[in-house]
Amino acid sequence: VVYGGAPLNTYNLNASPAGLTVQSSANVGCLECRDSGSQPVVSSNGNKAGTTVVWALKTPGNGGGSITLYAFDALNMGTMLFSATAGTWTQTPGTAWIGGALVSPLVADGRVYVPTDGSVGVFGLLP
């Protein structure tokens, strides 16, 4: 979970006799800059090397707005593979603001599903 104000980071760990050490890291910036946080999801194409992807959502601030879906290369988080508007999230007047709090994408069968306000955005490769 990436909490408000914290960037999405990746760390390569090296197992050694001294324990785990960080070899390198990459910072892709703050995707969720409020208190609610973001829940990245990792997917891959079976056991094929180089197919690991980190999916994350950026949800709107108070008042609602667009939800953005991001995909990053898990081996180099500085490489954005994809970015698109997935839908909107609005605030119902007179209710406490929950925005897109802790909304996360779901990856299954080669598709990415994103919960939005009253619908689900679906992303995948064209046949």
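Whatever comes next refers back to the structure up there.
The text that follows walks through the structure, step by step, so that each part is easy to find. (Residues numbered from 1 in each chain as written. Predicted model: local features only at pLDDT ≥ 70, side-chain atom pairs only at ≥ 80, totals over all residues. Heavy atoms only, no water.)

In this section: the pairing of strand β9 (residues 119-124). The sheet contact formed by strand β8 (residues 111-116) and β9 spans six bridges and is antiparallel. Each residue of the ladder has a partner; that of Thr116, found in β9, is Ser119. The antiparallel hairpin formed by β8 and β9 contains two residues in its connecting segment, where Gly118 sits at a positive phi of about 85°. (Pairing = 2+ DSSP bridges. Helix = DSSP H or I, 4+ residues; strand = E, 2+ residues; numbered from the N terminus.)

Relative to the helices and strands, Ser43 resides in strand β3 (residues 41-43). Overall, the relative accessible area of 16% leaves Ser43 in the buried class. A distance of 2.9 Å separates polar atoms of two side chains, one belonging to Ser43 and the other to Trp55. (Buried < 20%, exposed > 50% of the residue type's maximum accessible area, 1.4 Å probe, protein only. Polar contact = N/O pair within 3.5 Å; in protein donor to acceptor, adjacent residues only side chain to side chain.)

Counting 13 residues, the largest nonpolar core has Leu69, Val114 and Phe123 as the members making the most contacts within it. Once residues lying within four places of it in the same chain are set aside, the contact partners of Phe123 are Leu69, Phe82, Ala84, Thr85, Ala86, Gly110, Arg111, Val112 and Val114. Counting residues in hydrophobic clusters, the runner-up holds five residues, among them Val54, Phe72, Ala74 and Met77. (Core = buried A, V, L, I, M, F, W, Y, C linked by side-chain atoms within 4.5 Å. Contact = heavy atoms within 4.5 Å.)

The three strands are arranged β7-β8-β9 in an open sheet whose pairing can be described as antiparallel. Two strands lie at the open edges of the sheet, namely β7 (106-108) and β9, each paired on one side alone. For this sheet, the mean angle separating the axes of adjacent strands, direction not counted, is 25°. (Axes fitted to C-alpha atoms, helices over the stretch in contact; angles between N-to-C directions.)

Time to look at the packing of aromatic side chains. Applying the stated criterion across every chain yields a total of two aromatic pairs. Between Tyr70 and Phe72, the aromatic rings sit 6.0 Å apart at their centres with planes inclined by 15°, giving stacked as the arrangement. With centroids separated by 5.9 Å and ring planes inclined at 70°, the aromatic side chains of Phe82 and Phe123 adopt a geometry described as edge-to-face. Of the two residues, Phe82 sits in strand β6 (residues 76-89) while Phe123 sits in strand β9, which places them 41 residues apart along the sequence. Look at Phe82 and you get partly exposed, because its relative accessible area is 31%. (Phe/Tyr/Trp six-rings, centres within 6.5 Å; stacked < 30°, edge-to-face > 60°.)

With that settled, consider the sheet that holds strand β5 (residues 65-73). The strand order β3-β4-β5-β6 describes an open sheet built from four strands, whose pairing is antiparallel. Sheet topology places β3 and β6 at the edges, where each strand pairs with a single neighbour. Direction aside, neighbouring strands of the sheet carry axes that sit 25° apart on average. Relative to β5, strand β4 (residues 53-58) runs antiparallel, the two being bridged by six bridges. The partner of Ala56 across the bridge, within β5, is Tyr70.

The quantities given are spatial measurements derived from coordinates; they are silent on function.
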